[in-house]
Amino acid sequence: MAQNRGVNPKTFFGELKRRNVYKVAVAYLVAGWALAQGVAQVLPVFSIPNWVIQLLVVLIVMGLPVALGLAWAFELTPEGIKRTEQVDDAAAAAHKKRAWLYIVIAGGFVSIGLFFLGRYSAAPTQHAAVDTSIKSIAVLPFENLSDDKQNTYFADGVQDQILTNLARVADLRVISHTTVRQYKSGEPRNLREIGRQLGVTHILEGSVQRAGDRLRVAAQLIDARTDSQVWAETYDRTAADLFAIQSELAESIVAQLQAKLSPQQKADIEARPTQDLVAFELYLRAKQIVDSYLIADDVRAALLSALQSLDQAIKRDPDFVSAYCYIARANDLLYFFDLDPTPDGILLAEAAVKAALRLRPDSAEAHFAMADFLFRCHRDYDGALRELATARPGLPNDTAFFILSGYINRRRNNWAQAERDFSTAVALDPRNPNAYNLLADTYNLQRRHLLASQVYERVLAAGERTPVVFFRKASAVFNGTGNSTELREVLAKNPDMDIGGGQTPVRVFLALIDGNFAEAERVLAASLREDFQDIDYSFYYPKAWFEAMIARAKGDSARATAAFSAVRTILEQRLVVKPEDARTLAVLAQVDAGLGRKELAIQEAQHAVDLMPVSKDVYDGALVLEGLAQVYTWTNEPDRAIELLQKLVAMPSYVNYARLKLHPMWNPLRGDPRFQKIVNSLAPQDRSK
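Parameters at a glance
Residues numbered from 1 in each chain as written. Predicted model: local features only at pLDDT ≥ 70, side-chain atom pairs only at ≥ 80, totals over all residues. Heavy atoms only, no water. Helix = DSSP H or I, 4+ residues; strand = E, 2+ residues; numbered from the N terminus. Buried < 20%, exposed > 50% of the residue type's maximum accessible area, 1.4 Å probe, protein only. Areas by Shrake-Rupley, 256 points an atom, 1.4 Å probe, with all protein chains shown as cover. Axes fitted to C-alpha atoms, helices over the stretch in contact; angles between N-to-C directions. Parallel < 35°, antiparallel > 145°, perpendicular 65-115°, else oblique. Left-handed = near helix turned anticlockwise from the far one by under 90°. Contact = heavy atoms within 4.5 Å. Nonpolar A, V, L, I, M, F, W, Y, C, P; charged D, E, K, R; others polar. Core = buried A, V, L, I, M, F, W, Y, C linked by side-chain atoms within 4.5 Å. Pairing = 2+ DSSP bridges. Phe/Tyr/Trp six-rings, centres within 6.5 Å; stacked < 30°, edge-to-face > 60°. Lys NZ or Arg CZ within 6 Å of the ring centre and 35° of its normal. Salt bridge = Lys/Arg side-chain N within 4 Å of Asp/Glu carboxyl O. Patch = residues over 30% accessible without salt bridge, like charges linked within 9 Å, V, L, I, M, F, W, Y side chains within 5 Å. Expected span 1.5 Å × (residues − 1). pLDDT = per-residue confidence, 0-100. Polar contact = N/O pair within 3.5 Å; in protein donor to acceptor, adjacent residues only side chain to side chain.

Undergrad: Any chance you could break down the overall build of the protein for me, citing the residues and the numbers?
TA: Per the secondary structure count, the protein includes 31 helices and 10 strands. Across the 689 residues that make up the protein, the buried fraction comes to 51%. In the form shown here, the protein has an accessible surface area of approximately 31300 Å², with 56% of it arising from carbon and sulfur atoms.

Encoded structure:
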């Protein structure tokens, strides 16, 4: 018969102990913590919404008082669960001790198991690693809550300037503009997933509402690891206070992240870019165009449109330093890509960058603009590096800075530093096509095609799904292995893809490999473009060049001659505008070789090499050297062609396994054992190290 178990008159706490409430509390906390860990670690792997995860955690917390109440009323015995009043103390004592010990141990094992299950279930997604020792943040586009939807640019500008201010802080790692623009406002956002994709610990999002002269900016800082709010603030001011709001907000974020802020960085953040809000909006529109020129349908038209907005901005505020810097950058790009290769463009760029430096001699942005100008317009690599060294302290998170530094180091044959520069650019801006293409291109040039392919795998893991990324990944595989299966599949799935004219030459090339001349002619005729980059993104060729290549492969010499003659006329016109251009001369030499003008072709190709020796610029130098090798190949000089190819495969260049093994351009050398030996030396192998 059970003993009389009336309430112990000593203390309430003694009764809690006797009824095992303390032990149940400990066991529940261990088991609840284990379950919460499993929920937080495992469910995101299956893309479960954050609100579901939060709800489950709340239910676990709410279960604690329920468990304590049940512990007060019931007892766990060898015979099962009984009301406390019905249980014999002595009979249950040993079992109770063992039971609670087992629960605690089991809870610990469950916790550890769920943690590692969640951790390693997520590994195959190849998200960017989140280094919690680094203070890192992504500033996502702000939502426009204004009635006038035309203020979307204004909302984007608020976010852009806050990001720019935070990027000045060397103690922070700030994801750059191009990448964060992908996460558009007004659309559902999984902040945990975004944090994993970008490798950041914190995310800032917010909204902007503008009505007449009134302005409301709301922002919240989120810990991306837990999806919990760390800080929030709303600013209600006049529109004239916009820059003060942006500065205050940025400094608040710096304080919340406990980042170091130097006096110079604080002064830079608090400096007003302009006194004119209209000029600022014009600048923002132009800045976005220039920053995203790579994805423009018509790059020349886009850059000219940006220049119009920038010209209006400096008319409203002649002291607008950032606008002058972007005027210089737009003109630099027009000249560099031969979209406006006239001396007038150089003069406009030079005047703009000098104006910026005159207004603010200590401006890091202005010194960067001068470096860009010296590189693109004058190929003054030493001068550009000096300007970059001056700009470096003020641009610790600037993607464009590391891209330009990588460009210059690569051309100066400093491949290890170029790789580091481009890798840093990708880390800061993982969905910036210029950054990841240049990193992959650097690997391709070194014939480390596996690493190039892996660059694009990480881009895809970061959420990018544009067809050209799949195309470039497949191209890297093709270059290294000669296997075109994946490349053909991508092109078949995207029949209209021709970004920058880069896919049509590949379609022509593959058709020529197949001996399908009708298909080669069809895809070339279907393109509306009049000039293209070759399959390795090296030379720009007029459309007639590919017509000549197809006719040559078919054995139609009359048609090949007519097409080559048409190409020659176009190239002569280019040389009038931009004389002594090594790349254009190299293509002209290939054309003359195709026309049977042997001596002239060799003379032109050698002149191109003299203008751009490898010692001056290893990147362009290798391109024109390959041009000379192609001229020798077409003019029945196999010994000289082989000698140059042996040199090219011993240095970084676009000469790769697929190109030599399959391209019709090298057909005259096939059958020569020396050529076959070179091809075999490039055959697939592990070049990841």
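Undergrad: Would you mind going over the packing of helix α13 (residues 343–359) against helix α14 (residues 364–378) in detail, with residue names and values included?
TA: Between α13 and α14, whose axes approach to 9 Å, the crossing angle comes to 160°. One finds that α13 runs roughly antiparallel with respect to α14. With respect to the hand of their crossing, α13 and α14 are arranged in left-handed fashion. Within the contact between the two elements, α13 uses Ile346, Ala349, Glu350, Val353, Ala356 and Leu357 and α14 uses Ala366, His367, Ala369, Met370, Phe373, Cys377 and His378. Looking at the contact of α13 with α14, its residues break down into 10 nonpolar, two polar and one charged.

Undergrad: Outline the nonpolar core, listing residues and values.
TA: Phe142, Leu166, Leu204, Leu249 and Ile253 are the most contacted members of the largest nonpolar core, which totals 131 residues. Looking at this core, the element that brings in the most residues is helix α12 (residues 321–336), giving 12 residues. The residues touching Leu204, leaving out its near neighbours within four places in the chain, are Ile137, Ala138, Val139, Leu140, Phe142, Ile162, Ala219, Gln220, Leu221, Trp231, Leu249 and Ile253.

Undergrad: Go over the pairing of strand β7 (residues 214–223) with me, naming the residues and quoting the values.
TA: Judged from the 10 bridges that link them, strand β6 (residues 202–211) and β7 form a sheet pairing that is antiparallel. Bridging from a neighbouring strand, Arg210 pairs with Leu215 of β7. Adjacent in sequence and paired antiparallel, β6 and β7 are bridged by two residues, among which Gly212 carries a positive phi angle near 65°. Two elements, β7 and strand β8 (residues 228–238), share 10 bridges in a ladder whose sense is antiparallel. Directly across from Arg216, in β8, lies its bridge partner Asp236. In this antiparallel pair of consecutive strands, β7 and β8, the connection spans four residues, and Asp227 shows a positive phi of 60°.

Undergrad: Describe in detail the packing of aromatic side chains, supporting the description with residues and values.
TA: A full pass over the atoms with the stated rule returns 20 aromatic pairs. Residues Tyr541 and Trp545 carry aromatic rings whose centres are separated by 4.4 Å and whose planes lie at 20° to one another, so their mutual orientation is stacked. Just as Tyr541 is buried, Trp545 falls in that class too. Grouped by ring-pair contacts, the aromatic residues Tyr293, Phe336, Phe337, Phe375, Tyr381 and Tyr407 constitute a single cluster. Here the basic side chain of Arg210 rests over the ring of Phe154, its NZ or CZ set 4.3 Å away from the ring centre.

Undergrad: Requested: an account of the packing of α12 against α14, with residues and values cited.
TA: Where α12 contacts α14, the axes come no closer than 9 Å and their chain directions differ by 15°. Here α12 lies roughly parallel to α14, going by the angle between them. The handedness of the crossing between α12 and α14 is left-handed. Together, Ser322, Cys325, Tyr326, Arg329, Asp332, Leu333, Tyr335 and Phe336 of α12 and Glu365, Ala366, Ala369, Asp372, Phe373, Phe375, Arg376 and Cys377 of α14 make up the contact between the two elements. The residue inventory of the contact of α12 with α14, partitioned by class, reads 10 nonpolar, one polar and five charged.

Undergrad: Any chance you could break down unusual backbone geometry for me, citing the residues and the numbers?
TA: Positive phi outside glycine occurs at Gln258, with the angle close to 55°. Non-glycine residue Glu580 carries a positive phi angle of around 60°. Look at Glu580 and you get partly exposed, because its relative accessible area is 49%.

Undergrad: So what's going on with the pairing of strand β3 (residues 136–139)? Residues and values would help.
TA: Burial along β3 is two-sided: the face carrying Ser136 and Ala138 and the face carrying Ile137 and Val139 are both buried. In the sheet, β3 pairs with strand β5 (residues 173–174) via two bridges, with the strands oriented parallel. Paired with Ile137 across the strands is Val174, a residue of β5. Bridge count for β3 against β6 is three bridges, and the pairing is parallel. By the bridge assignment, Ile137 is partnered in β6 with His202.

Undergrad: Describe the pattern of salt bridges, and please don't skip the residues or the numbers.
TA: In total, this model carries 42 salt bridges according to the counting rule given. In this structure, Asp223 and Arg225 form a salt bridge, with 2.9 Å as the shortest nitrogen-oxygen distance. For Asp223, a relative accessible area of 11% translates into the label buried. Taken together, the salt bridges that share partners define one network made up of Arg379, Arg411, Arg583, Asp617 and Asp620.

Undergrad: Report on a nonpolar patch on the surface, specifying residues and quantitative values.
TA: Judged by side-chain polarity, Leu55, Leu56, Val58, Leu59 and Met62 come together as a nonpolar surface patch covering roughly 440 Å² of accessible area. Take Leu55: it is sitting in helix α3 (residues 50–73).

Undergrad: Run through helix α8 (residues 242–256), naming residues and quoting values.
TA: Taking 1.5 Å per residue as the helical rise, α8 with its 15 residues ought to reach 21 Å, and the 21 Å between its terminal C-alpha atoms agrees with that figure. Here α8 has its buried residues at Leu242, Phe243, Ile245, Gln246, Ser247, Leu249, Ala250, Ile253 and Val254. Remark: Gln258 follows α8 within two positions and exhibits a positive phi of approximately 55°.

Undergrad: Lay out the environment of Val61 with the relevant residues and their values.
TA: Inspection of the secondary structure assignment puts Val61 in helix α3. With relative accessibility at 56%, the residue Val61 sits in the exposed group. Sequence-wise, Val61 and Leu29 are 32 residues apart; in three dimensions their C-alpha atoms are separated by 9.0 Å.

Undergrad: Could you give an account of the confidence of the model for the protein, naming the residues involved and the relevant values?
TA: Interpretation of the predicted coordinates at a detailed level should be avoided for regions scoring low in pLDDT. Residue-level pLDDT values for the protein average 86, and 82% of them are 70 or greater. Predicted confidence is poor over residues 1–9, with pLDDT under 50, and the contacts of this stretch with residues over four places away or in other chains come to 10 contacts. Between residues 114–126, whose pLDDT stays under 50, and residues either more than four places distant or in other chains, the model counts 17 contacts.

Undergrad: Kindly report on the side chain of Thr399, identifying the contributing residues and their values.
TA: Checked against the element boundaries, Thr399 lands in helix α16 (residues 399–411). In this structure Thr399 comes out as buried when scored by relative accessible area, which is 5%.

Undergrad: Residue-level account of the side chain of Ser653, with values.
TA: Summarising the element assignment, Ser653 is placed in the loop between α29 (638–648) and α30 (657–662). Only 3.3 Å separates the side chain of Ser653 from the side chain of Arg447, close enough to count as a polar contact. A polar atom in the side chain of Ser653 sits 3.3 Å from the backbone oxygen of Leu648. Contacts of Ser653, omitting those with residues within four sequence positions, involve Asn444, Leu445, Arg447, Ala622 and Leu648.

Undergrad: Help me get a handle on helix α18 (residues 433–445), residues and values and all.
TA: The terminal C-alpha atoms of α18, which comprises 13 residues, lie 17 Å apart, in line with the 18 Å expected from a rise of 1.5 Å per residue. The buried count for α18 comes to 13 of 13 residues, which makes it a mostly enclosed element. Once α18 finishes, Arg447 follows within two positions and takes phi at roughly 60°, a positive value.

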